[in-house]
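Working through the structure, step by step
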Amino acid sequence: MLGTAFVKGSPCWIDLGSPNIRAAASFYGEVFGWTFEDFGPEAGGYGFLKNHDRSIGAIGGLDEGAMSAWTAYFAAPDVDAVTKDVQSHGGSVRAEPFDVMDAGRMSQVTDPQGAGFALWQAGSHAGFDSASQVGELLWVELHTPDPDAAFGFYRDLFGWRSQKMDAPGMTYTVVSTSQGDIEDASFGGIAPDDQQGPRWVPYFHVADPDATAARVQTSGGTVLMPAADVPDVGRIAWFADPAGAVFAVLKPDPRQGS
């Protein structure tokens, strides 16, 4: 599962673009118990989400015309070079590389099938303080029409490795960074999806997906997929927050570790 050894291509940060930052912070606080550290007007309302005082993500505003969504950030030792590689491998650039004060350097890009993500080159801020614990990012999953082509793009970009596994109604591609034991280095997957459009979906670790679903509903969100058991994976559920941003939760099978 996810950790904080941010090698090239590993997920290192996640943030939510929301039309109402305060309302979003309140919703996720009720669902996960997160607190919100607002960086003030000079940061445009952007602030960190905290899980027991550990920074695990952020919420910021939306560009005009953009839809509310979570964005996964992947570690890039040289954002400028990797951004150029995105284009050379058939992707596109939504925001050219820029400095975020002394925190780091980033760009916003889109893969060839249309899934958006971001690249992050660490400065004073390497990424999330912790991952994979209860209340934290555990897994990232790409839903895309052509999983094999999608994996080829990210393999060429980051050196990712893959393993195929059978899942209910499909073949699922587990992805790992280029370094270390392939299973220990796994952090996400790629699933075929022709219906909802290409997108990265974050999974957060919870102790009880059913109880989380109840909190989502009472806090104004929507249950997209009720809690269900997936053999050898755990119990998962999918939701949308009140602004429509999609996210998922997972209680891992104890045999899979945490």
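One structure accompanies this document, and this report is about it.

Cut-off values and rules
Here, residues in each chain are numbered from 1, in the same order as that chain's written sequence. With the structure being a predicted model, the display of local features is reserved for residues of pLDDT at least 70 and the display and counting of side-chain atom pairs for 80 or more, all residues being used for whole-chain, interface and lining totals. With hydrogens and water set aside, each side-chain value is computed from the structure's full complement of heavy atoms. Pairing between two strands requires that DSSP report at least two bridges joining them. Helix and strand assignments come from DSSP, with helices taken as H or I runs of at least 4 residues and strands as E runs of at least 2, each series counted from the N terminus. Simply put, an axis is a line fit to the C-alpha atoms, just over the touching stretch for a helix, and the angle between two N-to-C directions goes from 0 to 180 degrees. Contacts are assigned to residue pairs with any non-hydrogen atoms lying within 4.5 Å of each other. Note on classification: 1.4 Å probe, protein chains only; a residue is buried when its accessible area is under 20% of the maximum for its type, exposed when over 50%, partly exposed between these limits. Aromatic contacts are taken between Phe, Tyr and Trp rings whose centres are within 6.5 Å, Trp giving its six-membered ring; a plane angle under 30 degrees counts as stacked, one over 60 as edge-to-face, and the others as tilted.

Some thoughts on the sheet that holds strand β2 (residues 35-38)
With mixed pairing, 8 strands are arranged side by side in an open sheet as β2-β3-β4-β1-β5-β8-β7-β6. Each edge of the open sheet is held by one strand with a lone partner, namely β2 and β6 (92-100). Neighbour-to-neighbour, the strand axes of the sheet open up by a mean angle of 30°, direction not taken into account. Where β2 lies against strand β3 (residues 47-51), 4 bridges are found, and the strand directions are antiparallel. Paired with aspartate 38 across the two strands is glycine 47, which belongs to β3. Sheet contacts for helix α2 (residues 79-88): β6, β7 (104-110) and β8 (116-122); angle to β7, the most-contacted strand, approximately 5°.

Describing the pairing of strand β16 (residues 246-252)
Across a regular strand the side chains alternate sides, sitting on one face of the sheet and then on the other. Buried residues dominate β16, accounting for 6 of its 7 residues. Two elements, strand β13 (residues 199-205) and β16, share 3 bridges in a ladder whose sense is parallel. Bridge pairing in β16 links tyrosine 203 to alanine 248. Where strand β15 (residues 234-240) meets β16, 7 bridges bridge the pair, whose relative direction is antiparallel. Within β16, the residue paired with tryptophan 238 across the bridge is alanine 248.

Points about the packing of aromatic side chains
Per the stated rule, a full pass over the model turns up 31 aromatic pairs. Seen in terms of ring centroids, tryptophan 34 and tryptophan 70 are 6.4 Å apart; in terms of plane orientation they differ by 80°. Their pairing is edge-to-face. With tryptophan 34 in the loop between α1 (21-32) and β2 and tryptophan 70 in strand β5 (residues 69-75), the pair connects residues that are 36 residues apart, well separated along the chain. On the basis of relative accessible area, tryptophan 34 is assigned to the buried category, the value being 4%. Relative accessible area serves as the criterion here: at 6%, tryptophan 70 is assigned to the buried category. Ring-pair connections join several aromatic residues into one group, and the members of that group are Phe27, Tyr28, Phe32, Trp34, Trp70, Phe204, Phe239 and Phe247.

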